[in-house]
Amino acid sequence: PCIYRHTDGLASVLDLGTMFGNRLWSLPPSVTRRLGIEIHPPYIAAGLTQFGPMDPRIELRLGDVREYREILAGEKFECAMLIDVIEHFDKPEALTLIGQVLSDFNRVLVFTPDGYHHQTADHYGMGADHWQTHRSGWTADELTALGFSVEVDPGHHGQKGGALFAVRAHGETK
């Protein structure tokens, strides 16, 4: 519901670390351009199988989210999503990625566990243990300091401490 609400009325959304691309299928009808970038080929393949025929508004590309500028090669999107992504990088690398994304997109959505949650395995069993390892933890205060408006979901995934959903749009600071 948070993603839908914050992308309603937009025409284009980039999902960095899209995994199966499932979030792209559930965006509001206004979003006519939907691109997901994912580093692990089995996730893209499974997404295409799981969600059936490709919606013409959706494209999945193989690539490292840290290289999204090169992958996009000048393509523009209104919004970028980092959903369950930043915790997979160490803090300095994640802060660099967040800074780039904030400078390149009018709206940025971030979803991450609230605090550090130990994870070293690919719970989907698709050989992505390296990519699924958590290397950092985040707090509402840290994301607020970056200018995001933050909502806390205390029961998400049953995680102790819950999850954080953060939004920042140009001209909005908190």
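Cut-off values and rules
- Residues numbered from 1 in each chain as written.
- Predicted model: local features only at pLDDT ≥ 70, side-chain atom pairs only at ≥ 80, totals over all residues.
- Heavy atoms only, no water.
- Phe/Tyr/Trp six-rings, centres within 6.5 Å; stacked < 30°, edge-to-face > 60°.
- Helix = DSSP H or I, 4+ residues; strand = E, 2+ residues; numbered from the N terminus.
- Buried < 20%, exposed > 50% of the residue type's maximum accessible area, 1.4 Å probe, protein only.
- Pairing = 2+ DSSP bridges.
- Axes fitted to C-alpha atoms, helices over the stretch in contact; angles between N-to-C directions.
- Salt bridge = Lys/Arg side-chain N within 4 Å of Asp/Glu carboxyl O.
- Disulfide = S-S within 2.5 Å.
- Core = buried A, V, L, I, M, F, W, Y, C linked by side-chain atoms within 4.5 Å.
- Contact = heavy atoms within 4.5 Å.

Draft legend 1. Inspection of the packing of aromatic side chains at higher detail. Evaluated as defined, the whole model comprises 4 aromatic pairs. Taken together, a centroid distance of 5.1 Å and an interplanar angle of 85 degrees make the contact between F20 and Y124 edge-to-face. Here Y124 lies in the loop between β5 (107-113) and α6 (129-132) and F20 lies in the loop between β1 (12-16) and α2 (22-25), a separation of 104 residues in the sequence. Of the residues examined, F20 reaches a relative accessible area of 9% and is grouped as buried. A ring pair is formed by Y43 and Y124, whose centres lie 6.2 Å apart and whose planes are at 80 degrees; its orientation type is edge-to-face. Pair noted here: Y43 is in helix α3 (residues 41-50) and Y124 is in the loop between β5 and α6, with a separation of 81 residues, a long-range link.

Draft legend 2. Representation of the sheet that holds strand β2 (residues 33-38) within the structure. With mixed pairing, the 7 strands of this open sheet are ordered in space as β3-β2-β1-β4-β5-β7-β6. Edge positions in the sheet fall to β3 (58-62) and β6 (149-153), since each of these pairs with one other strand and no more. Strand after strand, the sheet turns through a mean of 15 degrees between neighbouring axes, direction not considered. Alignment of β6 against strand β7 (residues 163-169), held across 5 bridges, turns out to be antiparallel.

Draft legend 3. Representation of the pattern of salt bridges in the model. Taken as a whole, this structure holds 10 salt bridges when the rule is applied. Its salt-bridge partner being E59, residue R61 comes within 2.7 Å of it at the nearest N-O pair. Here R61 falls in the buried class, since its relative accessible area comes to 17%. On the basis of relative accessibility, which here comes to 28%, the residue E59 falls in the partly exposed class. Residues R69 and D104 are paired through a salt bridge, measuring 2.7 Å at the closest nitrogen-oxygen approach.

Draft legend 4. Looking closely at the state of the cysteines. Per the counting criterion, the structure on display carries 0 disulfides. Take C79: it sits in no disulfide, and the sulfur closest to it among the cysteines is that of C2, at 13 Å. Residue classification places C79 among the buried residues on the basis of a relative accessible area of 0%.

Draft legend 5. View of the nonpolar core. Ranked by internal contacts, the top residues of the largest apolar core, which has 27 residues, are L16, L82, V101, F105 and F148. Listing elements by their share of this core, those giving two or more residues are β1, β2, α4 (68-72), β4 (79-83), α5 (91-104), β5 and β7. When residues in this core are grouped by element, the largest group, 5 residues, is from α5. Sequence-distant contacts of L16, defined by excluding residues within four places in its chain, comprise I37, V65, Y68, A80, M81, L82, I83, V85 and V101. Core analysis: the next-biggest nonpolar cluster, separate from the first, contains 17 residues, I3, L27, L60 and C79 among them.

Interpretation note: all reported values are geometric properties and have no functional meaning in isolation.
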